[in-house]
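Architecture at a glance
Residues per chain, in single letters:
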Amino acid sequence: MKVRTGYSYLQLRSPQRQVILGIGAQRTQGVGGTTWWFVAISEAKAPLTVITTDAQGASLTEAAFVAANQALGQQLSVFKKADAYREFVATHVYGFSSEKELSQLANVYRLLASPILTGGNAKFSPIKAALREAQASIDREVIQAAAGVQREVNRKNGLLQRIANGQRRLQKIKSAIFWADLNHLNETKLSVYAANHVEFEQQKENAARAEAQVAKYSQQLEFLVIRLTDFQTELQQLTQKQAQQQVIVQQRQSLADQIKGAQNRLAQYEQAQAQLSQRQQDLAVSQTKLTQLIEQEKNVRQTALAPLQIKLNAHSAELHELSQVLAETSLATMVQQMAHYVRALRRQLTQYRNLQQQAETISTDVAIVGTMQNQMADSIDHRVQGPFGGNRLREGLQQDNQSIHEAGAAQMNSQFQQLKTEQAALLTAHPDLKVSLAQSDLLADLAQQQKQLAAIVTQLQSLTQQQAATQQAQANLQENIDLIRSGMEVDFDPAAIREQIEVWQQQHAQLVVDPELPAKLAETKQAVADLGAQKLDLETAKGQEQGQQTAAEKMVASKAAQLAALTTQIETMLTVLVPYLPAAVTLTTVDEVNTFVRAHGSEVRNGAYNEVAERIRRQVHRSDQNGLDRNALDTLLAERGYEQIASAMRQGSVVAHDMTTLAFDLPHVETLLAEELASVTKAVAELKTGNQLAQDTYLAAAVERIADQYQVIADYNRILAAGLTSDQGIKLKIELRPTEVSAAVITEACDAFATQRPALEKEVRDRLQMLANKAEIADDDAAFMQAAQEFLDTRRWSEFHVLIKRRQSGVDDFEEVDDKFVRSGGSGAEKAQAMVLPLLLVPKMLLERSGLPDVPYLVMFDEFADKLDPETAKSFAKTIANFGFDFIATMPSGAQNKLLADGVANVAYEVIAPPQQDDGRFYQNQVLPVLSWHEGATDD
């Protein structure tokens, strides 16, 4: 497994201290690796060094590196995480307050070092953004304090609005309940009360009318009763005659039933007697059949099975395996085992004969090999002759011939013996095989006898089954005979039954009835029924009228009671309305509420009772399209500490005395909201005092930051002008212009002696108000503070503009540098200066925040001045020096003279790779000075 370890570090030195910044890494092929970072800081004069290799030149692991440099003590810090390393470098090496400033500096350095900065796809907008971000911003706590207090003021104002909205919602709830309950009372009680009162008067009239009708029907009934009595007397006489004749009819029917019953008994007895005779004949036939089947079975066993068993037993005397099969007591099992035995013996014979045939083939082959050996020997003697070495060659060939053929024969003999061994094993395992080999017809006989045995057993099984079926049939017949006998009457005498039938038939003929009596009786009954129906109709009509009279009298009493009950209910329901009554309205009696309803019919009809619960719910808490309700009553009360009331509100409406009301005391909530409104109004007044202080603090910081931003522009332009030679004809300058604010805001901020700054103050107030009113971030503290940083960061109020005067342009003819310019507008030198020089302002602004006197002003360039002419390159070097930077640049060999500029010391080095390569050891590059220049020096 291949492991690689390496180091890279940078050493910085100033009159105050020495610093080494480095990284170490170890990578294992296929596994991964580890990385560590280190910083060494020394204020001593002695050179500061670190050890990264061992005595053999191999790079040290992390643990070995720490051990090898332990003499540095606290001067050396090693980090396992890049974040900790960057934070340490930011605070201890660069003197920044946080790692954020170091990250900004690193991003700018990467842009400066990149050769694509002046390439065809370059953009200028990132440079402007970097210039903006490099400026010092207002302290985050000042911004958050101003935004936070303003937010709290707005929250309190919002709470005031919510309380006021809550009071309005309570009034809407109050009004909705009043009119809806009044509508419900009108529909369910007042309308019923009115209907009952009308019904009360109507029933009084009905009772008087029914009383007159009852007197009329009573007189008609008196005359009808006399006629009805006469017909009832005649009907009674006819009924007595019919009763006497009915006895005769019953006697005739009784005799007829007895005659029919006796005839049925006689028929059943004769039918059972015939069935019994037939079943006894069937039983005799079945017994004859069973006797025949038994004889057939006996005959098969004696004439077929017994002789076959004798033959098989004769074979078993010398066939041991067959004797085991014949020892089976079950004929069916014996047949199965006999079939298996015959199949096995046939397979054994086939296997033995195959082995025998193979052995005979091998014997033949051995004889052929011997013949071939003799023929080959004769051929060798015949062909190998001559005086020069013929004897020796012939003897060798003869010897080879003998060895080869004898070896082949030996191999065949070995195979032959193997086959004989297998035959012997087969005979040993199956002794019956030997007998079968000796008797060629034995297997065929056994196979034939096996088939005979199977046929005999099948025949015997069939006979046995037929016997069982016949015996079952006999049992069924006997059971049927017993059943028939059990159903026949004991001691039944058919002759006596026939005599009794004749006697009953004579008695039946002597009984005679009057055929006209039923018609007379029916006619009289019809007359009585008609008169009775008329009487019933009159009585019914009279009863109905009496019932109507009674019902009307009861209804009068009932309606009077109902009206009294309704009055009580209405007055009780009116007590539920008391908390919701409009001002100057009193409703306590039925007359008062009826008068009020008639006067306000339209309002009452519009107060839909079935919608009041939903109206209450919407006023308590209704959600918008985003599922929110900032003015929800329940939420407001819960937030103010009245969770019990809020919980009652969430229940919605409740029903009391069949009227919709609330689960909470509405007047009490009205009082609470009034008190809350007064309390929050007082809190808003107190907050405004603190808000003004926070705004004044932010305003002072904004004035300071804006003034600083605009004051340094002249210094930066002076530095840029000093770096550009007049013979180039190129000039650069930077302007800072207001973007998000008016020019008046910037003018007021830059006037250090101004006592009033109305434009700036209004801008700050507007931004704070706009920020505090952003509903989408109202409940997200992190998002709110991020938005506050964007709204109140004064760096965003102005934008940098870089202007360039080209070689061919007039003295003051400047044009703005933008993305279009750096892509296609200017020459290479113009683009390079327009891109790089303004970008140097960013590290300049960042490094000026450092708290250390020797903060590293060091920038690096890759392929520096590769596409620039010497004059432009010298201008670059001079401007970088004027900004106070040291710089390291890589460039092709021989291009060093581009950097020779007045007032700038330069040293050029040639880096030569070590000749030793790929041996797993570390070797330092050779760095040789090839050119140096400084002011007043001669050419080196």
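The name that an unreviewed UniProt entry assigns to the chain is Chromosome segregation ATPase.

1. Structural notes on the overall build of the chain
Broken down by element type, the chain carries 24 helices and 13 strands. Projecting the C-alpha coordinates of the chain onto the three principal axes gives extents of approximately 175 × 165 × 55 Å. Relative to its 940 residues, the chain shows a buried fraction of 37%. Sequence separation of at least 24 residues holds for 73% of the intrachain contacts in the chain that already meet a minimum separation of 6. Across the chain, the 91 positively charged side chains and the 112 negatively charged ones have centroids separated by 2 Å.

2. Some remarks on the domain arrangement of the chain
When its domains are assigned, the chain resolves into domain 1 (3–113), domain 2 (153–219 + 521–662), domain 3 (342–453) and domain 4 (850–939). Each of domain 2 and domain 4 has a C-alpha centre, and these two points are 101 Å apart.

3. Some words on the packing of helix α7 (residues 331–383) against helix α9 (residues 431–438)
The N-to-C vectors of α7 and α9 enclose an angle of 70 degrees; their axes lie 10 Å apart at closest approach. Accordingly, the angle class assigned to the pair α7 and α9 is roughly perpendicular. Along this stretch, α7 crosses α9, giving a crossing that reads as right-handed. Contacts between α7 and α9 involve Tyr341, Leu345, Gln348, Leu349 and Tyr352 on the former and, on the latter, Asp432, Leu433, Ser436 and Leu437. Partitioned by chemical class, the residues of the contact of α7 with α9 number six nonpolar, two polar and one charged.

4. A look at the sheet that holds strand β9 (residues 815–816)
What the three strands build is an open sheet, ordered β7-β8-β9; its pairing is antiparallel. Bordering the open sheet on either side are β7 (731–738) and β9, each of which pairs with just one other strand. With two bridges connecting them, strand β8 (residues 798–805) and β9 associate as antiparallel partners. Bridge pairing links isoleucine 804 to glutamate 815 in β9.

5. Considerations on the environment of isoleucine 616
Among the secondary structure elements, isoleucine 616 is positioned in helix α15 (residues 612–620). Beyond its immediate sequence surroundings of up to four residues, isoleucine 616 is in contact with Ile173, Ile177, Ser653, Thr660 and Leu662.

6. Section: the sheet that holds strand β3 (residues 32–42)
Taking strand neighbours across the sheet as the criterion, the four strands line up as β1-β2-β3-β4 in an open arrangement whose pairing is antiparallel. At either margin of the open sheet sits one strand with a lone partner, and together these are β1 (3–13) and β4 (76–79). Mean inter-strand twist for the sheet, computed between neighbouring axes without regard to direction, equals 15 degrees. By the bridge criterion, 11 bridges tie β1 to strand β2 (residues 18–28) in an arrangement that is antiparallel.

7. Let's talk about the pattern of salt bridges
Counted under the stated rule, the structure contains 31 salt bridges. Among the salt bridges present, the one from aspartate 634 reaches arginine 650, with a minimum N-O distance of 3.2 Å. Here aspartate 634, found in helix α16 (residues 633–639), pairs with arginine 650, found in helix α17 (residues 643–650); they are 16 residues apart in sequence, far enough to count as distant. What emerges from the salt-bridge pattern is a single network uniting Lys128, Lys733, Glu735, Arg737, Glu799 and Glu816.

8. Observations concerning a nonpolar patch on the surface
Side chains of Val907, Tyr909, Val911 and Val927 sit close together on the surface and give an oily, nonpolar patch of about 390 Å² of accessible area. Broken down by element, the residue count for the nonpolar patch peaks at three residues, all from strand β12 (residues 906–912). Here valine 911 shows up in strand β12. For valine 911, a relative accessible area of 55% gives the class exposed.

9. Some points on the environment of valine 249
Its place among the elements puts valine 249 in helix α5 (residues 140–316). Once the C-alpha coordinates of valine 249 and leucine 511 are considered, the two residues, 262 residues apart in sequence, prove to be 8.1 Å apart.

10. Looking at the UniProt feature "coiled-coil region" (unreviewed entry) in the chain
Look at the UniProt record and you will see "coiled-coil region" (unreviewed entry) annotated at residues 200–279 and 446–480. Here residues 200–279 runs as 100% helix and 0% strand, with 91 Å between its end C-alpha atoms. Taken end to end, residues 446–480 has its terminal C-alpha atoms 51 Å apart, with 100% of it in helix and 0% in strand.

11. A closer look at the pairing of β2
The hairpin turn running from β1 into β2, its antiparallel successor, is four residues long. Direction of pairing for β2 relative to β3: antiparallel, over a ladder of 11 bridges. Residue pairing in the sheet places alanine 25 in a bridge with threonine 35 of β3.

12. Things to note about helix α19 (residues 743–750)
Among the residues making up α19, those that are buried are Val745, Ile746, Glu748 and Ala749. Summarising the axial view, the buried residues of α19 lie within an arc of 165 degrees, below the 170-degree limit, and thus occupy one face.

13. Let's talk about the environment of phenylalanine 664
Along the chain, phenylalanine 664 falls in the loop between β6 (659–662) and α18 (666–723). Phenylalanine 664 sits in the buried class, given a relative accessible area of 8%. Setting aside its immediate chain neighbours within four residues, phenylalanine 664 contacts Leu170, Ile645, Ala648, Met649 and Val669.

14. Focus: the packing of aromatic side chains
Overall, the coordinates contain 14 aromatic pairs when judged by the stated rule. For the ring pair tyrosine 7 and tryptophan 36, a centre distance of 5.8 Å and an interplane angle of 70 degrees mean the geometry is edge-to-face. Taken together, the residues tyrosine 7 in strand β1 and tryptophan 36 in strand β3 connect sequence positions 29 residues apart. Here tyrosine 7 and tryptophan 36 have matching classes, each one buried. Ring plane angle 75 degrees and centroid distance 6.0 Å describe the contact between phenylalanine 178 and phenylalanine 596, whose orientation is recorded as edge-to-face. Here phenylalanine 178, found in helix α5, pairs with phenylalanine 596, found in helix α13 (residues 590–599); they are 418 residues apart in sequence, far enough to count as distant. Residue phenylalanine 178 shares its accessibility class with phenylalanine 596, and that shared class is buried. These aromatic residues form a ring-pair network of at least three members: Tyr7, Tyr9, Trp36, Phe38 and Phe65. The ring of phenylalanine 814 carries lysine 733 above its face, with NZ or CZ at 4.4 Å from the centroid.

Procedures and definitions
- Residues numbered from 1 in each chain as written.
- Predicted model: local features only at pLDDT ≥ 70, side-chain atom pairs only at ≥ 80, totals over all residues.
- Heavy atoms only, no water.
- Helix = DSSP H or I, 4+ residues; strand = E, 2+ residues; numbered from the N terminus.
- Buried < 20%, exposed > 50% of the residue type's maximum accessible area, 1.4 Å probe, protein only.
- Contact = heavy atoms within 4.5 Å.
- Lys, Arg positive; Asp, Glu negative; His and termini not counted.
- Charge placed at Lys NZ, Arg CZ, Asp CG, Glu CD.
- Domains from an automatic or database assignment.
- Axes fitted to C-alpha atoms, helices over the stretch in contact; angles between N-to-C directions.
- Parallel < 35°, antiparallel > 145°, perpendicular 65-115°, else oblique.
- Left-handed = near helix turned anticlockwise from the far one by under 90°.
- Nonpolar A, V, L, I, M, F, W, Y, C, P; charged D, E, K, R; others polar.
- Pairing = 2+ DSSP bridges.
- Salt bridge = Lys/Arg side-chain N within 4 Å of Asp/Glu carboxyl O.
- Patch = residues over 30% accessible without salt bridge, like charges linked within 9 Å, V, L, I, M, F, W, Y side chains within 5 Å.
- Areas by Shrake-Rupley, 256 points an atom, 1.4 Å probe, with all protein chains shown as cover.
- UniProt positions renumbered as here; feature names shortened; annotations may be inferred.
- Arc of directions from axis to C-beta.
- Phe/Tyr/Trp six-rings, centres within 6.5 Å; stacked < 30°, edge-to-face > 60°.
- Lys NZ or Arg CZ within 6 Å of the ring centre and 35° of its normal.

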